[in-house]
Protein chains: 2
Amino acid sequence: MERIRREADRAKTERAELYAILDAALVGTFATVLDGRPWTVPMLYGRVDDRLYLHGSSGAGALRHVAAGAPANLAVTLIDGIVVADNLFNSSANYRSAVVRGNAERVWADEAYEALTLLSERLIPGRSAEVRPHTSKELAATLVLRMEIGDGNWTAKVRTGPPGEPDVDPTIWAGVVPMTTAYGTPVAAPWVAKGMPVPPSVAAYADPS
Amino acid sequence: MERIRREADRAKTERAELYAILDAALVGTFATVLDGRPWTVPMLYGRVDDRLYLHGSSGAGALRHVAAGAPANLAVTLIDGIVVADNLFNSSANYRSAVVRGNAERVWADEAYEALTLLSERLIPGRSAEVRPHTSKELAATLVLRMEIGDGNWTAKVRTGPPGEPDVDPTIWAGVVPMTTAYGTPVAAPWVAKGMPVPPSVAAYADPS
């Protein structure tokens, strides 16, 4: 009984780690199998509880193939640092990665509408309150897929911290070069009037809290 | 004749764009098919001319499966900016992406040795001149794969520049938030003597030329 509780606790912690990775990245690699070969495409995605949402053009052949039941896989990788060991073999990268495996189902109507808003909010948090809502024409042009994050159909991996202990010469420098994503000064589109202030959603990128 | 020459020129330009994307990214998503389902893993990789090299543990089942002839696919994505349109539907990301499809062959001896050095140099340029070379034990523990970048087995896509022209209200701000990778101050491993200077390879990350 105690063992089962510990395992349940551990599963809960691990799922929280998975969600943290999925929520930290913006783009993943979506994969399926087409004519017996792997087929991949970069994709924005978003998560609500144990559901992933992805979208593409409703004319996209491979996505329709997935919606019709072909197996799917979303892979997400964040690189957090260059791990510099005292030798080449142990040098590597610090990273967080997640893979969710399963099938994807096309969703419609309210669920599709809400998923599109979620995907916009992932890209530009707060933007959906600043501009008009999706139109029904936009909704019709978009294929929205849902993947369930079920027990046993995902993997999360994290490498963090310094390189392994030196095997040769402790006087050789070893350590980590941290890597992060930096956001530059927003560049207005050519038709935007000079001096128009950036909206709060865009300003938040330049000054992340 | 003129048409053929133009097409050859265009193919050459496009291949140069592919190589630029492959050389700019550090990590890709390697995909294969296992039991009829997509199987993916993040991987460091390197390119020499029209060859990609990847590596993993020589005990890794999926890589051995690929070395035995299973189809393979390397997907690379770089996100360069958040594209903020005047509406949610046209908002997106600026990116460079590449997919190389094909099969991978295990390589040995000198070719494997040189590929491992290439992969180290991709991770930490200049490091291979600062530390000892690979040992034969390390080489034996590593599975090195080569993928040929043949004509017609790759795709490169680039989205750049501002969002599409506004469809609703030109007084709504629109533009791009540039994204780049930033390298932080190197963090020495706990056993490194205080004040030991970082080697030139590591210093180059903090002060990229």
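Residues numbered from 1 in each chain as written. Chains lettered and ligands numbered in written order. Predicted model: local features only at pLDDT ≥ 70, side-chain atom pairs only at ≥ 80, totals over all residues. Heavy atoms only, no water.

## Description of the overall build of chain A
A tally of regular secondary structure across chain A gives five helices and nine strands. Listing each helix as α and each strand as β along chain A from the N terminus yields α-β-β-β-α-β-β-α-α-β-β-β-β-α. Compactness check: chain A gives a C-alpha radius of gyration of 21 Å against a globular reference of 17 Å for 209 residues, more than 25% above the reference. With respect to the principal axes defined by its C-alpha atoms, chain A has extents near 65 × 55 × 40 Å. For chain A, the residues scored as buried account for 44% of the 209 residues in total. Relative to all contacts within chain A whose residues are 6 or more apart in sequence, the contacts with residues 24 or more apart total 74%. (Helix = DSSP H or I, 4+ residues; strand = E, 2+ residues; numbered from the N terminus. Rg over C-alpha atoms; globule rule 2.2 N^0.38 Å. Buried < 20%, exposed > 50% of the residue type's maximum accessible area, 1.4 Å probe, protein only. Contact = heavy atoms within 4.5 Å.)

## Some words on the packing of aromatic side chains
Residues and elements named next belong to chain B. Under the counting rule described, the total for this entry stands at two aromatic pairs over all chains. Aromatic side chains Y183 and Y205 sit 4.7 Å apart centroid to centroid with 45° between the ring planes, which places their arrangement in the tilted category. In this pair, Y183 sits in strand β8 (residues 175–183) while Y205 sits in helix α5 (residues 200–206), placing the two residues 22 residues apart along the sequence. Assessed through its relative accessible area of 31%, Y183 is described here as partly exposed. Between R47 and the ring centre of Y19, over which it is positioned, the NZ or CZ distance is 3.9 Å. If you follow R122 out to its NZ or CZ, it ends over the ring of Y45, 5.4 Å from the centre. (Phe/Tyr/Trp six-rings, centres within 6.5 Å; stacked < 30°, edge-to-face > 60°. Lys NZ or Arg CZ within 6 Å of the ring centre and 35° of its normal.)

## A few points about helix α3 (residues 109–123) of chain A
An α-helix turns once every 3.6 residues. As a result, residues three or four positions apart point the same way. Taking 1.5 Å per residue, 15 residues should reach 21 Å; α3(A) reaches 21 Å between its end C-alpha atoms and fits that length. Buried within α3(A) are the following residues: A:A112, A:A115, A:L116, A:L118, A:L119, A:S120, A:R122 and A:L123. (Expected span 1.5 Å × (residues − 1).)

## Quick word on the environment of B:L78
Residue and element names in this part refer to chain B. With respect to the helices, strands and loops of the structure, L78 is situated in strand β4 (residues 71–84). Classification of L78 by relative accessible area gives buried; the value is 16%. Sequence separation between L78 and A98 is 20 residues, and the spatial gap between their C-alpha atoms is 9.2 Å. In this structure L78 touches I21, A24, A25, N94, Y95 and R96, once residues within four positions along its chain are discounted.

## Section: the interface of chain A and chain B
At the interface, 79 residues of chain A touch 80 residues of chain B. Around 6,600 Å² of area is buried between chain A and chain B when both sides are counted, 70% of it from carbon and sulfur atoms. Linking chain A to chain B there are zero salt bridges. If you look at where chain A meets chain B, you find 19 residue pairs in polar contact (both at pLDDT 80 or more). Listed by contribution, the elements that provide at least two residues to the side of chain A that touches chain B are β1 (27–34), β2 (37–48), β4 (71–84), β5 (92–107), α3, β8 (175–183), β9 (187–188) and α5 (200–206) of chain A. (Buried area = accessible area lost by both parts, 1.4 Å probe. Salt bridge = Lys/Arg side-chain N within 4 Å of Asp/Glu carboxyl O. Polar contact = N/O pair within 3.5 Å; in protein donor to acceptor, adjacent residues only side chain to side chain.)

## Re unusual backbone geometry
Residues and elements named next belong to chain B. Here the phi dihedral of D49 falls at roughly 50°; this positive angle occurs in a residue that is not glycine. Following the sequence through the fold, D49 ends up in the loop between β2 (37–48) and β3 (51–57). Despite not being glycine, A109 shows a phi value in the positive range, around 50°. Here A109 lies in helix α3 (residues 109–123).

## A few points about the pattern of salt bridges
Residues and elements named next belong to chain A. Within this structure, the stated rule accounts for 16 salt bridges over all chains. Measuring nitrogen to oxygen at the nearest pair gives 2.7 Å for the salt bridge that ties D23 to R47. A residue pair is termed long-range when its members are at least 10 positions apart, and D23 in helix α1 (residues 2–24) and R47 in strand β2 qualify at 24 residues. R96 is the salt-bridge partner of D80, the closest N and O atoms lying 2.8 Å from each other. On the criterion of sequence distance, the pair formed by D80 in strand β4 and R96 in strand β5 is long-range, its members being 16 residues apart. A residue is classified by how much of its surface remains accessible, and D80, at 26% relative accessible area, is partly exposed. One continuous salt-bridge network, built from bridges that share partners, spans E105, E111, R146 and E148.

## Observations concerning the pairing of β3(B)
Residues and elements named next belong to chain B. Sheet topology places β2 next to β3; four bridges connect them, and they run antiparallel. Of the residues in β3, the one forming a bridge with R47 is L52. Two strands pair when backbone bridges link them, and β3 and strand β6 (residues 142–148) are joined in this way by seven bridges, in the antiparallel orientation. Looking at the pairing, Y53 lines up with R146 of β6. (Pairing = 2+ DSSP bridges.)

## A look at the relation of the copies chain A and chain B
Put simply, the two copies of the chain differ by a rotation about an axis and a shift along that axis. Least-squares fitting of chain A to chain B yields an RMSD of 0.0 Å, with the transformation described by 0.0 Å of translation along the axis and a rotation of 180°. Such a turn and shift between the copies fits a two-fold axis. Among all residues of chain A, the one whose C-alpha sits closest to the rotation axis is A:T181, at a distance of 2.4 Å. (Least-squares fit on C-alpha atoms with pLDDT ≥ 70 in both.)

## Structural notes on the confidence of the model for chain A
Overall, the predicted model of chain A reaches an average pLDDT of 92, with 95% of residues at or above 70. Under the prediction, the complex receives an ipTM of 0.93, its pTM being 0.93. (pLDDT = per-residue confidence, 0-100.)

## Some thoughts on the side chain of B:S91
Tracing the chain through its elements places B:S91 in the loop between β4 and β5 (92–107). The exposure class assigned to B:S91 is buried, which follows from its relative accessible area of 12%. Look past the residues within four positions of B:S91 in its chain and what remains in contact with it is A:L123, A:I124, B:V83, B:V84 and B:A85.

## Considerations on the side chain of B:R146
Residue and element names in this part refer to chain B. If you trace the backbone, R146 turns up in strand β6. A distance of 2.8 Å separates polar atoms of two side chains, one belonging to R146 and the other to E111. For R146, the side chain forms a polar contact with the side chain of E148, separated by 3.2 Å. Each residue touching R146, except ones within four places of it in the same chain, is listed here: R51, L52, Y53, N103, A104, E105, V107 and E111.

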